[in-house]
Structure formats: C-alpha cells, structure tokens
Amino acid sequence: MTIVLTPYWSNGQQKIKVEPQAPAPPPAGLLPPAYIHAVHAERSLLQLRSKATPIEKNIFLSQLKDADLNTFYKLCLANMSEITPLIYTPTVGDACLQFSQNFRRPEGLFISIKDKGKIGSILRNWPRLNEARISVVTDGSRILGLGDLGVNGMPISIGKLSLYVAGAGVRPTSTLPICLDLGTNNQKFLDDPLYLGLRQKRVSDEEMDEFMDEFMAEITTAFPKLLVQFEDFSTDHAFAYLARFRDRYPVFNDDIQGTGAVVLSGLINAAAIANIPARNHRILFFGAGSAGVGVAMQLISYFTLNGLSVEEARDRVWLVDSKGLVYDGRAAEVAEHKKCVEMLTMEPDFSRRDYTGAPLTDLLEIIEYVKPTALMGLSTIKSAFTEPVIRAMAKHNVRPIIFPLSNPVRLSECEFQETLEWSEGRAIFASGSPFPETTFEGRRRIPGQGNNMYIFPGLGLGSIIARVTSVTDSMVEASALGLANSLTEEERGLELVYPAIHRIREISGHVAVRVIRAAQKAGVDQSSELRSLSDEELTELVHKKMWYPC
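Residues numbered from 1 in each chain as written. Predicted model: local features only at pLDDT ≥ 70, side-chain atom pairs only at ≥ 80, totals over all residues. Heavy atoms only, no water.

Draft legend 1. Structural context of the sheet that holds strand 7 (residues 251-253). Sheet architecture is open: 5 strands sit in the order 3-5-4-6-7, paired in parallel fashion. Edge positions in the sheet fall to strand 3 (109-112) and strand 7, since each of these pairs with one other strand and no more. The mean angle between the axes of side-by-side strands here comes to 25 degrees, regardless of whether they run parallel or antiparallel. With 4 bridges connecting them, strand 3 and strand 5 (residues 175-181) associate as parallel partners. (Pairing = 2+ DSSP bridges. Helix = DSSP H or I, 4+ residues; strand = E, 2+ residues; numbered from the N terminus. Axes fitted to C-alpha atoms, helices over the stretch in contact; angles between N-to-C directions.)

Here it is in structure tokens:
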C-alpha cells in the first residue's frame, strides 16, 4: 500500500491529508480475468461463514490477515459485531488454549527469560523498528479466566492489536505483539510435546523484577515513540508493574484501567436509567482479583464526579473474594492489592472496617447484609449469580444493576435471558462477553457488553497522537466519560448502557479527543501543536489519522 499526501484547506489554513492508496494491480495474468477486490471481500465473508466452529473461523481470519491484510480489515469494519467475538473474546480463549497445536507461522516477538541481559538486541530484530507505536505485552500468566497458559497467551496480544487497528484505525505496521516467556506452572503444557514455550516453572518474583526492569528500559530505548499495554499478567504482578512503571514510561494495564473505565462508563449510564442518586448507590464486587479491584478503584470516580469525597466513595464499595466478604477483622489475611494502599496513585482501602461479625461467605447472605444497588461479577465462576441471588437483587431494587463481567461466556456469572426472567425484566444488564438480544414480555431487550474494545483503542489512539510521556488516571477517566457520552438518542431510548459496536470508529474518535485533552491538562503531551486546535478541529484531525483498508 502506498500513501498519498493531498493538500486541502480548513479554516483558512492549508493542511495535508494523508490518504492510503491501493497498490497498483499486478501484471496481467497473475490474477483471474474476472477478479474484483470488492467481490473478493464478499467471497471471503462467505468462506468465513462456512466454517463450523468459532475456532475454525478464528484460524481462517488469522490466515486471511496474513495473506490479505486489507480484505481482513474490510471484513472487520463491515461486520464488527460478527467478527469481534471471533478475533477476541470469547474465541481468543480457545485460540490461546490451542495455540501450540494450531501454530502455523510466527507473529510478533517472543522474549524469554533466557534472553535476560540481551533483551535490547532481541527487540531490535523487529523488522519495522521505526514504525512501532503500540505494543500489547503479556506474560501469559492469567489469560482471561483460563489461568497460566505460558507462551500460549500470544493470541491475546495479537487479537488485541487487531482491535486497535479495526476499532481506532491504528496503522497495522505500527503494532507490535509481544509475549514474555518466563516459564509456566501449567503442568499440562510442560508435558505437551507440541508446547512452544520454555519447559520450566515460572521464575521467582526477584528474577522477574530484574527481567521487567531491563525489558521496559530496552523497549523504550529501541522504540522511543511506543505506548505499552500490559495484558493478562497475574493479579499481584499486574498491580506491581503498573505501579512500578507508570510514572517512568507511557504504559497502562488494560485489565486494571481499561476494564475499570468501561465499567465506569456502563455504571454512569445504568445509574441514569435506574434513577438512583450517587450517594445512595452501594456496589458489591464478586471477585477481587486485578480486574475486580481495578474496576473498584475506577468506580471511585463515579462518586467523586458526583460530589462525594474519596472516603465517602470507598464506603459505597464492598469486595467479595474466594473467602467471602473482605474486611479487616477477617482471620484470613487480606492481600494488599485488595486493600489498594499505595498500589497506584489512588489510595482507597476496600477492606471493610465497619463489619465486625462472623465471616460472611455466602453471596446471598452478603447481598442481604449489603443490599447493593449494583452487583459486579469478576470472579470467572460460571453461574455464580443464581436465581436466588438475582431475585434478592430485584427485591431490594426497582431496577437492579447486574454486570456479570467474566470472560469468556462459559465463565459468565449469569446469562442475559435468565437474568431478565428472575428479575421480572427489571434488571439493567451488561456482561463481559456477548449475549444475543431477546424479546421479553413483548419488548425488545438488548444486552450491554462491557467490552474493553470500547476503551482501549481510543485511549491508545489518543495517547499516540498526543505522544504522551505517561498515561494518567485523568486520561483513563476521560476515556470512560467519552464512552458514556457517546450514546445516540435512539440508543438511550432503548435503555442501552453501551453504544452499538458497529459505531466503534466514531466512538474511538470521541474517546481519543477526550484523552488528548486530558493529557494536555495533565501536561504529559508532547504534541503541543494540538493544544491550539478547537474540539472540532481536533476531532477532524483524529479521524484523518485513522488508517483505512484499501
């Protein structure tokens, strides 16, 4: 593909539009006589739909992207709601589990603990050294709800970057998937003769810290314009490395910050539907890992934006882990990341001080005690939100907010249809993975999907355009507010908490503008020339920066 620079005028100033131009056709005879690229896209879609299972469709799309990048992204943009679940959650979970078995050709960079001391030279082997702008980095230690998958976690990085391209128009050549192989504690893979990773247990925390220090120093030297997204690190490492690096490098963690932002956006819209004042909300989290605590931290913003102090906001959040309600007097030790003291820039302590009774371990019992207005599921425990649990939420709320956010679908805490039935159609629902729309009591009901794809592409695009030196809390909050404000009047009329996914480019542009403005306000932007642009001009620029397939 070639690039054409086209001059144009805007507000009395001459500007340059960067436009992709289709490559010249190959010499005669190298394509069938009646070959038409647009028809080929339709042919590819028919081939995709002929595949029997989601994993077969995932494999087909991976090969199509490798063979014909433009057709792959044309299909993505034209069929976003159909293809997104195939290239990312929920199908990417199976793609990870079967990565070593289905492996065809390498994509991205693999850096192992054996490369310690020479990570810089490994990074410089990347063929598009000067083009890289965004990298998704995983160590495969906590893939979705599937656990430690080791090097089999690479499809997470690949799939996420495909969504950066499809969802926000980040240029494909500027993406860099990386899998860090620090061993695996999954004995099944260690015993698998086809496993592509190191056959050793995970290294110690001390050795991993040294490795990560070297990796971050070298990657920012090799790629000085790179934004790094950490993905699917184990809970303790996710918090530790975000805290360790976020003030030194342009880095963010999508499991903590992206998930938090997309749920914050959903809560803002759900709370408006429920018509409950912020001060009266009580939010119960079932699941206290990196995603659960990250979301809880982000939802502090919902309350502070509505005039409450951080301490008042903290008092409206309850966490439940595998041992029950998290509180100070509990005999079992409470992990520091659940307290969130000094882990990140915000310092709310989510371990309850106001409960002094016997341990509460049953979710239904906890709901009767807390009487939450919103129930958030980040536990990866299938069907944890039982009929009695949903009915209890409906008993205490006219419009209960129920968000089963665990991925993939088979690990969701409840399903859409049953939630409607058990709440008499009153639940405001959003899940982590997609559920089909349905008709309940003669009314069309569309489930929300709290997909991080609504946040990270726009957050990444805005960060890249602004050339940020760090990703601040205010930028993450701005991405959530941008998403919350992107619903159309028709979508609000349908009581949606998230906009239609087919509008993702429009949504990502809106989010990116809010992120750039927040970066400017925080003083972490290096593209200072953007500060003088009006919001309209900045929006126009953001959309002109988006890559489109030819």
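Draft legend 2. Region of the structure containing the packing of helix 2 (residues 54-67) against helix 3 (residues 69-78). Two elements in contact, helix 2 and helix 3, have axes separated by 5 Å at closest approach and are oriented at 130 degrees. In terms of orientation, helix 2 lies oblique with respect to helix 3. Across the interface between the two elements, Leu 61, Leu 64, Lys 65 and Ala 67 of helix 2 pack against Leu 69, Thr 71, Phe 72, Tyr 73 and Leu 75 of helix 3. Tallied by class, residues from the contact of helix 2 with helix 3 come to 7 nonpolar, 1 polar and 1 charged. (Parallel < 35°, antiparallel > 145°, perpendicular 65-115°, else oblique. Contact = heavy atoms within 4.5 Å. Nonpolar A, V, L, I, M, F, W, Y, C, P; charged D, E, K, R; others polar.)

Draft legend 3. Summary view of the pattern of salt bridges. Under the defined criterion, the tally for this structure stands at 32 salt bridges. For Asp 232, the salt bridge goes to Arg 142, with nearest N and O atoms at 3.9 Å. Of this pair, Asp 232 sits in the loop between strand 6 (227-230) and helix 11 (235-245) while Arg 142 sits in the loop between strand 4 (134-138) and helix 8 (154-168), placing them 90 residues apart in sequence. The class of Asp 232 is buried, set by a relative accessible area of 2%. Given the relative accessible area of 21%, Arg 142 is considered partly exposed. What you see here is one network of salt bridges that share partners, running through Asp 139, Asp 148 and Arg 202. (Salt bridge = Lys/Arg side-chain N within 4 Å of Asp/Glu carboxyl O. Buried < 20%, exposed > 50% of the residue type's maximum accessible area, 1.4 Å probe, protein only.)

Draft legend 4. Up close: the sheet that holds strand 9 (residues 317-321). One open sheet accounts for 7 strands, arranged 10-9-8-11-12-13-16; its pairing is mixed. With partners counted over all chains shown, the strands left at the sheet margins are strand 10 (324-325) and strand 16 (448-449), one partner each. The pairing of strand 13 (residues 428-431) with strand 16 spans 2 bridges and is parallel. For Ala 430, the partnering residue across the bridge sits in strand 16 and is Gly 448. On top of the sheet, helix 12 (residues 254-274) reaches strand 8 (283-286), strand 11 (374-377), strand 12 (401-404) and strand 13; it is set at about 155 degrees to strand 12, its chief contact.

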